[in-house]
Amino acid sequence: MKRVRLLVFNAALGVLDYRVPEGMTIEFGSIVVAPLGPRQVLGIVWEPERLSGKEVPESKLRPLLEVMPAPPIPDRLRRLIEWTADYYCAPLSSVARMALGSMAALRGGGTTTEYRLTGTEPARLTPQRAAALDALQHEQASIRELAELASVSEGVLRGMVGAGLLEPVVVDLDRPYPAARPEFAVPQLNDEQRAAADIFVSAVTARKFAPFLLDGVTGSGKTECYFEGVAEAIREGRQVLVLLPEIALTENFLRRFEHRFGVQPVLWHSSLKSSERRRAWRAVVQGSAQVVVGARSALFLPYANLGLIVVDEAHEISFKQDDGVRYNARDVAVMRAKFEKIPVVLASATPALESMQLAEAGVYRKIDLAGRYGGAQLPDIQILDLRAEVPERGRWLAPRLVEAMKDRLAKGEQSLLFLNRRGYAPLTLCRHCGFRFQCPNCTAWLVEHRFSKRLACHHCGHEVPVPEACPECSTGDCLVACGPGVERIADEVAEILPEARTALVTSDTMNTPEAIGDFVAMAEGRAIDIIIGTQLVTKGYHFPELTLVGVVDADLGLEGGDLRAAERTYQQVAQVAGRAGRGAKPGEVLIQTRHPEASVIQALANGDRDAFYAAETEARRDAGAPPFGRWAAIIVSSEDQSEALSAARAIGGTAPNLPDMLVLGPAPAPLSLLRGRHRFRLLINARRSAELQKTLREWLEPLEFPRGVRVNIDIDPYSFV
Ligand code: ADP
Ligand code: ZN
């Protein structure tokens, strides 16, 4: 190759052409460094005919500076990047960026020095050194990381190195991960599980694109089944990617994986330390990372030799990214499997309607696990009509639920209360003047958090201490909390059952792997009687002694701007109900609601999943909603309200008039102020036949907006706020 066209990681720069200097070997996908004015840019060598740009004359071409010592981005991943950018109307460079690790990862190689205790223990020690000796048993890390672990200064540790208490260890930055052992602990599968597992094993061996929907009730052993596919891929020397909806679930997964395969898998998520990120990326591109488990960002990594993708809890909406490239990792995972020519398993107890539809249409092969493993029964689900069974004044748990909790406590069994709302109370107001605490940056109330004694916005993170007096009328001691959050439910439980040992499980309390690990160990060790949590506790956990689940407010999910509200309510309640009765003892679920007649509540009560899917399918068909029609949102925002409005109007005014597309708006978005930006929204409802993305591009590309205006396109949006 004599001249190349680069995709660089800055959409504003467009594509850039360069000359390949004598002696440099380049192929498509090579990651290179090129000069740009006085600076240097990183780019990927791309097929020139696939990147439109102005041809630069030969004489003006500058030479590339360097090829990075990393394998080229494979052809099949370049095609996936193009597909994703095209489908989600996103800049190619933003998608491509997700394939790369850090600059350090690209360079690879090298060593670093870490430190560990030598085992020497002098007779006399300063308190800091004693604390460090205590805290650093079995640890090995950089001085900075050790200082953080031990809560002492780096100076103290350097002193300890001098005194021979800590010793340096030279570590290979790219040291390989220990090998997973497919035969480490092979489970005895039951017939139904065996049949499913065999299908995955042969699909891995066949090395062809094959999408599966693994539809199994909670506790049926979906993980055990797809693990057999994972084992086969490992035997064949191929890599596996397991996508989980959120990092909070990885802890549980890691333990199960280690139990089955003898080692931990390779982790990938946004909060890895830079050395971990670099090591993981190198192992991914070299093919030595056998199984990678991660959040959605793991999807675009340049695997050398992918053999299987699993999307666990595939119905979860957190697979949809809501900023930057607004892609749905579940859907892109299926596309990736297609380009890689491998099987992909979407596993769920409550599949998304879209997935069910694709299975029905024969696009996905559906595999059912109808029964719980080991004879465990699905729980008995009962509706608790809050209009008839009224909680005591100022309380949120109805008497029947309280009685059931008392009963479990007496028997030494566990209960779980689910309320998908963090904090103490969603709204705080002044009893005297009616003042309501609102976020200055967002259309949202501030949520009281009692533990941190703060009022916080859940959209932008704005926080203020809870004031003594009303900021409006200065009356003291006049603030009233309205409505419950999980913290308030925890208080109520402490009042009703002071002897119960409780655990509060929310992203505020369970924000590190250690915290989650401690919680799981305590719950399994029966050191917890009552768990109170948000959606974090709805999935993944298996506590055999948990026999009662109380859904504090099943109506909560039905409010708000979510077009899949009924489906989400169904999924959340079914998932959390699935935590009950997973062991030998039967489970009971009590659902508190003010709308017992709602079809989703009825379907839950009757355990009639088919009826729910059938009714929801018809409702979607009538509304032209997915999977029968398509939605897209255009969100126009600016710090200046009138600027945002006129831009939105300009877009509305040039909307194409097509028979298969309906454009609604512009209208103020439900969250009309977010992080200080005023937001207007247009919604597009299109028939499946419409060329939605092409139309959007042709419509929006010619328009020009002031600099402060941002126009975001959201294809297949989940949240309508
Ligand atoms: P799901 O993901 O479908 O909810 P899990 O895979 O978590 O189900 O299985 C539920 C529980 O049953 C887990 O503790 C799992 O280890 C156990 N289990 C399932 N199948 C088997 C099996 N064949 N042998 C041993 N334990 C099993
Ligand atoms: Zn805010």
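Up top is the structure.
Fair warning: this is a prediction, and the values are worked out from it, not measured in the lab.

Novice: What is the right way to look at the coordination of the zinc ion (ligand 2) in this model?
Specialist: Surrounding the zinc ion (ligand 2) are the protein donor atoms Cys-439 (SG), Cys-442 (SG), Cys-457 (SG) and Cys-460 (SG), at 2.2 to 2.4 Å. Every donor counted, the four donor atoms about the zinc ion (ligand 2) form angles of 103 to 115 degrees at the centre, which fits tetrahedral coordination. Mapped onto the polypeptide sequence, the residues donating to the zinc ion (ligand 2) form the spacing pattern C-x2-C-x14-C-x2-C. With Cys-442 in the loop between β17 (427-430) and β18 (447-449) and Cys-460 in the loop between β19 (454-456) and β20 (463-465), the pair connects residues that are 18 residues apart, well separated along the chain. Assessed through its relative accessible area of 25%, Cys-460 is described here as partly exposed.

Novice: I tried to follow the packing of aromatic side chains on my own but got confused; where do I start?
Specialist: Each aromatic ring pair is described using two quantities: the centre-to-centre distance and the angle formed by the ring planes. Evaluation of the coordinates by the stated rule reveals 18 aromatic pairs. Relative to Phe-212, the ring of Phe-200 lies with its centre 5.5 Å away and its plane at 80 degrees, an arrangement referred to as edge-to-face. One end of the pair, Phe-200, is in helix α7 (residues 191-206); the other, Phe-212, is in strand β8 (residues 210-216), with 12 residues separating them in the sequence. Each member of the pair, Phe-200 as well as Phe-212, carries the same accessibility label: buried.

Novice: When you look at the pairing of strand β28 (residues 677-687) in this model, what are you seeing that I'm missing?
Specialist: Two faces make up the sheet, and in a regular strand the side chains alternate between them. Among the 11 residues of β28, 10 are classified as buried, and the element is accordingly described as predominantly covered. Here strand β26 (residues 629-638) pairs with β28 via 10 bridges, running antiparallel. Residue pairing across strands places Arg-630 opposite Ala-686, the latter belonging to β28. Bridge count for strand β27 (residues 661-674) against β28 is eight bridges, and the pairing is antiparallel.

Novice: What am I meant to see in unusual backbone geometry here?
Specialist: The phi torsion of most residues other than glycine is negative, and most of the peptide bonds are trans. Pro-627 follows Pro-626 through a cis peptide bond whose omega is 5 degrees. Here Pro-627 is to be found in the loop between α18 (609-623) and β26. In this model, His-138 sits at a positive phi of 60 degrees, which is unusual for a non-glycine residue. Overall, His-138 belongs to the exposed group, its relative accessible area being 81%.

Novice: Mind showing me how you'd approach the nonpolar core here?
Specialist: Proteins that are soluble and globular tend to have nonpolar side chains buried together. Of all hydrophobic cores here, the largest spans 86 residues; its most connected members are Trp-281 and Leu-696. Looking at which element gives the most residues to this core, the answer is helix α11 (residues 329-340), with six residues. Setting aside chain neighbours within four positions, we find Leu-696 in contact with Cys-89, Ala-632, Ile-634, Ile-684, Ile-713 and Ile-715. Listed in part, the 37 residues of the second largest apolar core include Ile-381, Ile-591, Ala-603 and Phe-612.

What counts and what doesn't
Residues numbered from 1 in each chain as written. Chains lettered and ligands numbered in written order. Predicted model: local features only at pLDDT ≥ 70, side-chain atom pairs only at ≥ 80, totals over all residues. Heavy atoms only, no water. Donors = N, O, S within 2.8 Å, 3.2 Å for Na, K, Ca; no water. Tetrahedral: all angles 85-135°; square planar, octahedral: opposite > 155°, others 65-115°. Helix = DSSP H or I, 4+ residues; strand = E, 2+ residues; numbered from the N terminus. Buried < 20%, exposed > 50% of the residue type's maximum accessible area, 1.4 Å probe, protein only. Phe/Tyr/Trp six-rings, centres within 6.5 Å; stacked < 30°, edge-to-face > 60°. Pairing = 2+ DSSP bridges. Core = buried A, V, L, I, M, F, W, Y, C linked by side-chain atoms within 4.5 Å. Contact = heavy atoms within 4.5 Å.

Treat this as a map of the structure, not an account of what it does.
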